[in-house]
Amino acid sequence: MLVLGIETSCDETSAAVVRDGRFILSNVVASQIEIHRRYGGVFPEVASRQHILSIVPVVEEALEKAGVDWEDLNGVAVTYGPGLAGSLLVGVNVAKAIAWARGLPLIGVNHIEAHIYANWLLDEPPSGFPLLCLVVSGGHTSLFLMKDHGEYDELGHTLDDAAGEAFDKIARLLGLGFPGGPAIEQEARRG
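Rules behind the numbers
Residues numbered from 1 in each chain as written. Predicted model: local features only at pLDDT ≥ 70, side-chain atom pairs only at ≥ 80, totals over all residues. Heavy atoms only, no water. Helix = DSSP H or I, 4+ residues; strand = E, 2+ residues; numbered from the N terminus. Expected span 1.5 Å × (residues − 1). Buried < 20%, exposed > 50% of the residue type's maximum accessible area, 1.4 Å probe, protein only. Contact = heavy atoms within 4.5 Å. Salt bridge = Lys/Arg side-chain N within 4 Å of Asp/Glu carboxyl O. Phe/Tyr/Trp six-rings, centres within 6.5 Å; stacked < 30°, edge-to-face > 60°. Pairing = 2+ DSSP bridges. Axes fitted to C-alpha atoms, helices over the stretch in contact; angles between N-to-C directions. Core = buried A, V, L, I, M, F, W, Y, C linked by side-chain atoms within 4.5 Å.

Caption draft 1: A look at helix H3 (residues 85-102). Between the first and last C-alpha of H3 there are 26 Å, a value that for 18 residues agrees with the 26 Å anticipated at 1.5 Å per step. For H3, the full list of buried residues reads Ser87, Leu88, Val90, Gly91, Val92, Ala95, Ile98 and Ala99. In this structure, the buried residues of H3 make contact with strand E1 (2-7), helix H2 (44-66), strand E4 (75-81) and strand E5 (106-110). Positioned one or two residues after H3, Gly103 has a phi angle of 65 degrees, which is positive.

Okay, here's the thing in structure tokens:
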């Protein structure tokens, strides 16, 4: 089974072709770091407009790199949230259009749950339950107890920014640039 996955929850336009739910045949990412650097962080309206420009070339490249044609696909998966509303709309509408035009099932994917399940894309996925999962993504930092597939208890989460956003804000205050994590790490290595 071949699924085209589309992800546009924040500032990167991504598409991948995955075989049998586990094996990545292609993974194409169009980064927007250089565009948002001048703002010192992600500017939501700019991000969604850039997705519009990037989504078709990214999807086409993902299919090409995977060596598959439209006719080979068995479904389309897309991130529906959480994330930036305008960015999500671009990915969801493109995925819906592809699924409708090709007569394929459309699978909505929760962004946070996808981070957890990315561990099953590894050569050696997690082998047993329960699992403790730390998710650090965009505006979300959460700790989950995963009892079984699809069975989660949230143990805690940040009230405001995720760790990465905190690094971006600190780096901006210190004049270190964007993204903040690598800039702060580089300064920390110098003592």
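Caption draft 2: The arrangement of the pattern of salt bridges in detail. Across all of its chains, the model carries eight salt bridges by this definition. Between Lys65 and Glu61 there is a salt bridge, and its shortest N-O distance comes to 3.1 Å. Taken together, the residues Lys65 and Glu61, both in helix H2 and four residues apart, mark about one turn of the helix.

Caption draft 3: Representation of the packing of aromatic side chains within the structure. Inspection of every chain in the model, using the stated rule, returns four aromatic pairs. When the ring of Trp120 is compared with that of Phe129, the centres are 6.3 Å apart and the planes differ by 20 degrees; the resulting orientation is stacked. When its relative accessible area of 12% is taken as the criterion, Trp120 is described as buried. Arranged with centres 6.3 Å apart and planes meeting at 65 degrees, the rings of Phe144 and Tyr152 form a pair that is edge-to-face. On the accessibility criterion, Phe144 (11% relative accessible area) is buried. By relative accessible area, Tyr152 is classed as partly exposed at 24%. The rings of Tyr117, Trp120 and Phe129 are connected pair by pair, giving a single aromatic cluster.

Caption draft 4: Layout of H2. Between its first and last C-alpha atoms H2 spans 30 Å; for 23 residues at 1.5 Å apiece the expected length is 33 Å, and the two agree. Turning to H2, its buried residues are Ala47, Ser48, His51, Ser54, Ile55, Val58, Val59, Ala62, Leu63 and Ala66. One or two positions beyond H2, positive phi appears at Gly67, with a value near 70 degrees.

Caption draft 5: Representation of the sheet that holds strand E3 (residues 23-31) in the model. The five strands are arranged E3-E2-E1-E4-E5 in an open sheet whose pairing can be described as mixed. Each edge of the sheet is formed by a strand with only one pairing partner; in this case those strands are E3 and E5. If you compare each strand with its neighbour and ignore which way they point, the axes differ by 20 degrees on average. Taken together, the six bridges between E1 and strand E2 (residues 12-19) define a ladder with antiparallel strand orientation. The residue bridging Glu7 from the neighbouring strand is Ser14, located in E2. Where H2 meets the sheet, its contacts fall on E1, E2 and E3, and the angle it forms with E2 comes to roughly 25 degrees. Each of E1, E4 and E5 is contacted by H3, which is oriented at about 160 degrees to E4, the strand it contacts most.

Caption draft 6: Spatial organisation of the nonpolar core. Formed by 22 residues in total, the largest nonpolar core has its most connected members in Leu4, Ile6, Val17, Val59 and Val76. Those elements that place two or more of their residues in this core are E1, E2, H2, E4 and H3. A total of six residues in this core trace back to one element, the largest contributor, which is H2. Formed by eight residues, the second largest nonpolar core is a distinct cluster that contains Ile116, Cys133, Phe144 and Met146.

Keep in mind these values describe shape, not function.
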